[in-house]
Amino acid sequence: EAKSAGGDCCKMFEKRMYRRFKRVLELETAMRKALENEEFVLHYQPIVSMKCGGVSSFEALARWQRKGFGLTPPAEFIPVAEETGLILPLGRWVLAKACEQMSLWQKTYPALADCSVCVNLSGRQFKDPDLEEHIMQVLQDTGLSPKSLKLEITENEVMHNPERAIELLGRIRKLGIKIMVDDFGTGYSSLSYLHRFPIDVLKLDRNFVDRLDTSTVPSDRKIVEAIVALAHGLNLEVVAEGVERVAQREFLAKLNCQFAQGFLYYRPMPPEMIREGYLDKSSGKILMPPNTHHPSL
Ligand code: C2E
Ligand code: MG
Ligand code: MG
Ligand code: MG
């Protein structure tokens with residue numbers, strides 16, 4: 001009895017493993033083709049200055065325009081890309097595309113000269129020995145100024161090998177590129193390390209922002225206060241991620257948090273939407289009213 005139950009259990013496990021394996025393989029094959037067929041697209045979400053509401057940068061966010069599946073969000077393909085190594089070619093494509101787009105926008109709208117594009121880097125890319133050279137090549141090819149590029153990395157990617165990270169980030173930063181720590185507060189970064197890292201911006205994870213106006217625990221707000229104060233003490237800028245409600249914006253403004261990103265301001269948008277409707281040709285300012293909801297992810 002017991003033996004046969006154990007056997008069934010094993011078989012079920014094997015079946016699950018097999019199905020997962022098969023799914024990853026299928027996705028990998030599909031993604032390889034998708035890269036060749038240029039099925040990936042970038043959407044851009046503005047990061048705004050909380051003081052004036054102006055757009056300070058655009059975060060590039062990958063989507064897969066998969067035939068027969070619609071618009072696939074990154075949560076469904078970035079992990080597979082990381083697992084299979086496809087993140088390297090995909091990441092290179094993202095970097096090149098984002099820089100090309102920003103360079104084009106700046107040429108068309110001179111008022112965007114101080115605007116930058118933020119590109120997410122995965123840990124795997126961070127370990128790529130050719131990363132630095134590739135970045136320089138992309139900047140040269142697209143004519144984008146290094147000051148118009150920001151790279152987003154997460155704490156865990158940095159903390160995996162702190163000494164190497166300090167060295168590599170330092171070199172990248174010397175080029176004039178700004179370094180942002182994404183999802184700050186969710187990883188295991190040691191606060192004692194923070195001042196040693198050559199970084200410029202902390203992106204406060206949206207879980208903290210979410211709790212600002214919903215949590216009944218006062219310490220949840222105290223933690224955000226402390227993070228913002230710490231960042232400012234270290235001369236780092238802060239971007240609050242996932243700002244959805246006015247109460248959150250008001251709380252963050254009181255803390256002098258300078259930048260915010262979230263559905264309250266803008267959703268991620270395809271570049272056509274930014275180009276066609278929202279950038280004013282003469283001033284380069286974004287004309288889109290805050291609060292506009294867009295049919296995007
Ligand atoms: P992330 O870098 O933290 O990007 C922010 C995510 O939060 C985006 O999800 C964005 O759409 C979402 N978001 C922005 N404002 C709000 C809000 O007010 N409320 C809520 N609920 N969500 C908001 P998205 O585009 O689905 O991307 C998810 C993650 O996938 C990104 O998180 C990033 O880690 C990864 N990712 C996206 N594109 C790339 C890429 O090109 N390369 C790499 N390595 N990772 C990427
Ligand atoms: Mg990001
Ligand atoms: Mg990220
Ligand atoms: Mg984030």
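Before going into details, it helps to say that this report is about the structure given with it.

Moving on to the site of ligand 1. Around ligand 1, 22 residues are found, and the nearest of them are Arg-63, Asn-120, Asp-182, Glu-244 and Phe-263. At a separation of 2.9 Å, an oxygen atom of ligand 1 approaches a polar side-chain atom of Arg-63. In the model, an oxygen atom of ligand 1 is placed 2.8 Å from a nitrogen or oxygen of the Phe-263 main chain. In the complex, the protein chains occlude 82% of the 810 Å² of accessible area that ligand 1 would expose alone. Top element by residues in the shell around ligand 1 is strand S2 (residues 55-66). It accounts for four residues. Residue composition of the shell around ligand 1, by class: nine nonpolar, five polar and eight charged.

Let us look at the packing of helix H3 (residues 87-108) against helix H5 (residues 131-142). Where H3 meets H5, the closest approach of the two axes is 9 Å, and the angle between their N-to-C directions is 30°. With respect to each other, H3 and H5 are oriented roughly parallel. The two elements H3 and H5 cross, and the hand of that crossing is right-handed. Within the contact between the two elements, H3 uses Arg-92, Leu-95, Ala-96, Cys-99, Glu-100, Ser-103 and Lys-107 and H5 uses His-134, Ile-135, Val-138, Leu-139 and Thr-142. Across the contact of H3 with H5, the residue classes break down as six nonpolar, three polar and three charged.

For His-134, the location among the structural elements is in helix H5. Classification of His-134 by relative accessible area gives buried; the value is 17%. Leaving out residues up to four positions away in the same chain, His-134 has contacts with Arg-92 and Leu-95.

Quick notes on the rules
Residues numbered from 1 in each chain as written. Chains lettered and ligands numbered in written order. Predicted model: local features only at pLDDT ≥ 70, side-chain atom pairs only at ≥ 80, totals over all residues. Heavy atoms only, no water. Near = heavy atom within 4 Å. Polar contact = N/O pair within 3.5 Å; in protein donor to acceptor, adjacent residues only side chain to side chain. Areas by Shrake-Rupley, 256 points an atom, 1.4 Å probe, with all protein chains shown as cover. Helix = DSSP H or I, 4+ residues; strand = E, 2+ residues; numbered from the N terminus. Nonpolar A, V, L, I, M, F, W, Y, C, P; charged D, E, K, R; others polar. Axes fitted to C-alpha atoms, helices over the stretch in contact; angles between N-to-C directions. Parallel < 35°, antiparallel > 145°, perpendicular 65-115°, else oblique. Left-handed = near helix turned anticlockwise from the far one by under 90°. Contact = heavy atoms within 4.5 Å. Buried < 20%, exposed > 50% of the residue type's maximum accessible area, 1.4 Å probe, protein only.

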